[in-house]
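Notes for the structure review
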Amino acid sequence: MIDPTTLDDHAFAVWAAERAGAVLLDVRAGAEADGLEGKALKDAGDAAAQAELDRVLTQHRPDDSVLSEEAADDKSRLTARRVWIIDPLDGTREFSEPPRDDWAVHVALWEDGELAAGAVAQPALGETFSTGRPLVVPPRTSERPRIAVSRSRPPAFVEALAAELDAELVPMGSAGVKVMSVVRDVADAYVHAGGQYQWDNAAPVAVARAAGLHCSRVDGSPIVYNEDDTSLPDLIVCRPELAEQIIEFVRRHGTD
């Protein structure tokens, strides 16, 4: 039996994300019996995972602040030293379409101006990626670069980027899953400019940085968290050798 009070922040992020993931799997397993599908299933998953993360953070990290997609923004976080940035269910659409597995739980810790720990759980895969045991990204296994994109609405500028790099587009679900695809060597880059929030990418970026990947805004500037404005509209996560080409493309062509 795990005693969460003994866990360091890396291990606690994993434990919390996996707790929420287990709750989400239970919600999904009981969806048919409970008459849940579509939006009702999305809402039930969001609420259940948020409740679990709220409970464990309140109980085991009571002095820390929290920024969550599913809770009111407590502005006291702006003067806090430690802020947990969480997304209880990233990829609600994919979650509501069993047996899809491209959805995730994000748990990140921001401390003194930087991301200090993070975990991205993909419960339907039985996998959790974390800063505590970062993967070492192997040499690229594909001849052509692979760019992770939304399965439903790939942005036009990414299609143009793929043409310039002679890259292959790899459609998939949630933001966290796309970032983890680069960590896992399923893709080589994820480039997004369609609008996100801090909770959409804090934990994935923490894990990607720990794995040695390049992470920045699309103009190459640093990604900054625990800002008053929770919007974080664009980012690049990629193998280091692709970063300069991608940033230069955006400088020349923009993202419109």
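Residues numbered from 1 in each chain as written. Predicted model: local features only at pLDDT ≥ 70, side-chain atom pairs only at ≥ 80, totals over all residues. Heavy atoms only, no water.

**Digging into unusual backbone geometry**
Our working definition: Numbering of helices and strands runs from the N terminus; a helix is a DSSP stretch of H or I covering at least four residues, while a strand is a stretch of E covering at least two. Burial classes: relative accessible area under 20% of the type maximum marks a residue as buried, over 50% as exposed, and values in between as partly exposed (1.4 Å probe, protein chains only).
Following P98, the chain continues to P99 via a peptide bond in cis, the omega torsion being 5 degrees. Here P99 shows up in the loop between α4 (92–95) and β3 (104–111). For D112, which is not glycine, the phi torsion reads 50 degrees and is therefore positive. Mapped onto the fold, D112 is located in the loop between β3 and β4 (114–122). Look at D112 and you get partly exposed, because its relative accessible area is 48%. The phi dihedral of N226 is positive, around 55 degrees, even though this residue is not glycine. Among the secondary structure elements, N226 is positioned in the loop between β9 (214–216) and β10 (235–238).

**Quick word on the sheet that holds strand β5 (residues 127–130)**
Here is the rule we go by: We call two strands paired when DSSP finds no fewer than two bridges between them. Helix axes use the C-alpha atoms of the stretch in contact, all axes being lines fitted to C-alpha atoms, and the angles between their N-to-C directions lie in the range 0 to 180 degrees. Note on contacts: a residue pair qualifies if any of its non-hydrogen atoms lie within 4.5 Å across the two residues.
The sheet built from five strands is open, its strands ordered β1-β2-β3-β4-β5 with mixed pairing. The open sheet is flanked by β1 (65–68) and β5, the only strands paired with a single partner. Ignoring strand direction, the axes of neighbouring strands in this sheet form an average angle of 15 degrees. Helix α7 (residues 198–210) contacts β1, β2 (82–90), β3, β4 and β5 of the sheet and is inclined by roughly 100 degrees relative to β4.

**A look at the nonpolar core**
For soluble globular proteins, the rule of thumb is that nonpolar side chains tend to be buried together. This is how it is decided: Side-chain atoms within 4.5 Å are what join buried Ala, Val, Leu, Ile, Met, Phe, Trp, Tyr and Cys residues into a set we call a nonpolar core. All domain edges in this entry derive from an automatic or database-based domain assignment.
Among the nonpolar cores identified, the biggest contains 37 residues, and I85, V205, Y225 and V237 are the most heavily contacted of them. Within the residue set of this core, elements represented by two or more residues are β2, β3, β4, β7 (168–172), α6 (175–183), α7 and β10. Here this core gets seven residues from one element, more than from any other, and that element is α7. There are two domains that each give this core at least three residues, and those are domain 1 (4–130) and domain 2 (146–253). Sequence-distant contacts of V237, that is, excluding residues within four places in its chain, are made with V179, V182, D188, A189, Y190, V205, A208, L213, H214 and C215.

**Details of the UniProt feature "binding site: Mg(2+) 1" (unreviewed entry) in the chain**
Rules: UniProt positions are given in the numbering used here, feature names are shortened, and annotations may be inferred rather than shown by experiment.
Feature annotation in UniProt assigns "binding site: Mg(2+) 1" (unreviewed entry) to the following positions: E69, D87, L89 and D200. A maximum C-alpha distance of 9.6 Å among these annotated residues, which run over 132 residues, shows that they cluster at one spot. As for its position among the elements, D87 is in strand β2. When its relative accessible area of 0% is taken as the criterion, D87 is described as buried. Setting aside chain neighbours within four positions, we find D87 in contact with E69, V105, H106, W199 and D200. Relative to the elements of secondary structure, L89 occurs in strand β2. Those residues in contact with L89 that sit more than four places away from it in its chain are L24, K42, G45, D46, E69, F95, W103 and A104.

**Description of the side chain of Q50**
Mapped onto the elements, Q50 comes out in helix α3 (residues 38–60). With a relative accessible area of 12%, Q50 lands in the buried category. Dropping the residues within four chain positions of it, Q50 is found in contact with S68, E70, A71, I86 and P88.

**Digging into the packing of aromatic side chains**
The following threshold applies: Two rings from Phe, Tyr or Trp (for Trp, the six-membered ring) form a pair when their centres sit within 6.5 Å of each other. Planes less than 30 degrees apart are called stacked, planes more than 60 degrees apart edge-to-face, and all others tilted. Here, a charge over a ring is recorded when the distance from Lys NZ or Arg CZ to the ring centre is within 6 Å and its angle to the ring normal is within 35 degrees.
Considering all chains together, one arrives at four aromatic pairs under this definition. Geometrically, the ring pair formed by Y197 and W199 is stacked, given 5.2 Å between the ring centres and 10 degrees between the ring planes. On the basis of relative accessible area, W199 is assigned to the buried category, the value being 9%. Sitting over the face of the ring of F12, R61 holds its NZ or CZ atom 4.1 Å from the ring centroid.

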